Amino acid sequence: AVASFSRVKTIADPGVRESLARRLGLLRPETPRRWGVLSAHEMLCHLGDAAEMVLKTRPRERPMPPRHRRLMKMIGLWTPMRWPHGWRTNPRNDPRVEGTKPSQFENDRERVIITMNAMGDARPEAVEPMHGTFGRMSLVDWQRWAYKHIDHHLRQFGL
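Every chain begins its residue count from 1, and numbering advances along the sequence as written. Local features in a predicted model are, by the rule used here, given only for residues with pLDDT of at least 70; side-chain atom pairs are given and counted only at 80 or more, and totals for whole chains, interfaces and linings are based on all residues. In computing side-chain properties, one takes all heavy atoms of the structure into account and sets aside hydrogens as well as water.

Description of the layout of surface pockets
Reasoning step 1: Using a 1 Å grid laid over the protein atoms alone, points where a 1.4 Å probe fits but cannot get out form a cavity; open sets with protein on both sides within 12 Å along at least 5 of 7 lines form a pocket; any residue with an atom within 4 Å of a point counts as lining. Grid points are joined across faces, edges and corners, and a volume is the space filled by probe spheres set on the points. Considering only enclosed or pocket space, the second largest pocket measures out at about 210 Å³ in volume.
Reasoning step 2: Together, 13 residues line the second largest pocket, and Thr79, Pro80, Arg144, Tyr147 and Lys148 are the ones closest to its centre.
Reasoning step 3: Residue contributions to the lining of the second largest pocket peak at six residues, all from helix α6 (residues 139–156).
Reasoning step 4: All amino acids are sorted into three groups, where Ala, Val, Leu, Ile, Met, Phe, Trp, Tyr, Cys and Pro are nonpolar, Asp, Glu, Lys and Arg are charged, and the leftover types, Gly among them, are polar. Residue composition of the lining of the second largest pocket, grouped by class: six nonpolar, two polar and five charged. Secondary structure elements are taken from DSSP: a helix is a run of H or I of four residues or more, a strand is a run of E of two residues or more, and numbering for both begins at the N terminus.

Let's talk about helix α4 (residues 70–78)
Reasoning step 1: Taken as a whole, α4 has its buried residues at Lys73, Gly76 and Leu77. For α4, the angular spread of buried residues about the axis comes to 85 degrees, placing them on one side. Only protein chains enter the area calculation, which uses a 1.4 Å probe; residues under 20% of their type maximum are buried, those over 50% are exposed, and those in between are partly exposed. Directions are taken from the helix axis to each C-beta atom, and the arc is the one they span.

Considerations on helix α3 (residues 40–54)
Reasoning step 1: With 15 residues, α3 should reach 21 Å at 1.5 Å per residue; the first-to-last C-alpha distance of 21 Å fits that figure.
Reasoning step 2: The element α3 is extensively covered by neighbouring structure, given that 15 of its 15 residues are classed as buried.
Reasoning step 3: Once α3 ends, the next one or two residues include lysine 56, with phi positive near 65 degrees. Here the expected length of a helix is defined as 1.5 Å per residue gap, with one fewer gap than residues.

Describing the packing of aromatic side chains
Reasoning step 1: Each pair of aromatic rings taken from Phe, Tyr and Trp, with Trp reduced to its six-membered ring, is defined by centres within 6.5 Å and is described as stacked if the planes are under 30 degrees apart, edge-to-face if over 60, and tilted in the remaining cases. Enumeration according to the criterion identifies four aromatic pairs in this entry.
Reasoning step 2: Aromatic pair tryptophan 142 and tryptophan 145: ring centres 5.1 Å apart, planes at 90 degrees, arrangement edge-to-face. In this pair, tryptophan 142 and tryptophan 145 are both assigned in helix α6, three residues apart and thus about one turn of the helix distant.
Reasoning step 3: Each member of the aromatic cluster is reached from another via a ring pair, and the members are Trp83, Trp87 and Phe134.

So, the nonpolar core
Reasoning step 1: We define the nonpolar core as a collection of buried residues of types Ala, Val, Leu, Ile, Met, Phe, Trp, Tyr and Cys that are connected through side-chain atoms lying within 4.5 Å of one another. Among the nonpolar cores identified, the biggest contains 32 residues, and Ile11, Leu20, Leu27, Met119, Val127, Trp142 and Trp145 are the most heavily contacted of them.
Reasoning step 2: Sorting the residues of this core by element identifies α2 (14–26), α3, α5 (105–121) and α6 as the ones contributing at least two each.
Reasoning step 3: Any two residues having at least one pair of non-hydrogen atoms within 4.5 Å are treated as being in contact. Apart from the residues within four sequence positions on either side, leucine 27 is in contact with Ala40, Met43, Leu44, Phe105, Arg109, Phe157 and Leu159.

Thoughts on the environment of alanine 126
Reasoning step 1: In this fold, alanine 126 is placed in the loop between α5 and β1 (130–131).
Reasoning step 2: For the pair alanine 126 and leucine 139, spaced 13 residues apart in sequence, the C-alpha separation works out to 8.5 Å.
Reasoning step 3: The contact partners of alanine 126, leaving out residues within four places of it in the chain, are Val54, Leu55 and Lys56.

See below:
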């Protein structure tokens with residue numbers, strides 16, 4: 001089990017981050033989505049907001065109550081299963097609600113890369129302890145979540 005776990009992609013791996021950054025570099029404002037409602041630019045704002053919330057630089061309005069959702073977290077984070085389309089996002093991370101509005105495409109893309117690298121290099125105390133769906137989260141959980149979250153949205157745009 002340890003050997004297979006070591007092959008699981010997380011943003012703790014600089015090579016994984018480099019691969020995601022390369023794919024992000026292929027995104028254009030006019031890249032069409034395959035599902036969902038956000039434009040490519042809005043998706044970048046969503047990714048940046050979500051990462052900043054994890055890093056506690058975009059504070060939650062109130063702390064998440066402690067939850068133990070081990071099975072949901074194990075399946076959602078640690079299996080190769082892809083996330084379903086259409087999950088509602090936190091309104092604070094939705095650029096159409098309370099999230100960051102698109103401004104400069106290149107700056108918004110760079111914010112995603114900067115926050116991804118910060119999460120990859122973070123210390124355990126620097127990240128939120130809870131996720132709304134997956135419950136309690138360790139740094140390694142968040143680093144896996146970040147890989148799956150960014151990958152999910154890049155696949156949304158065919159990248």
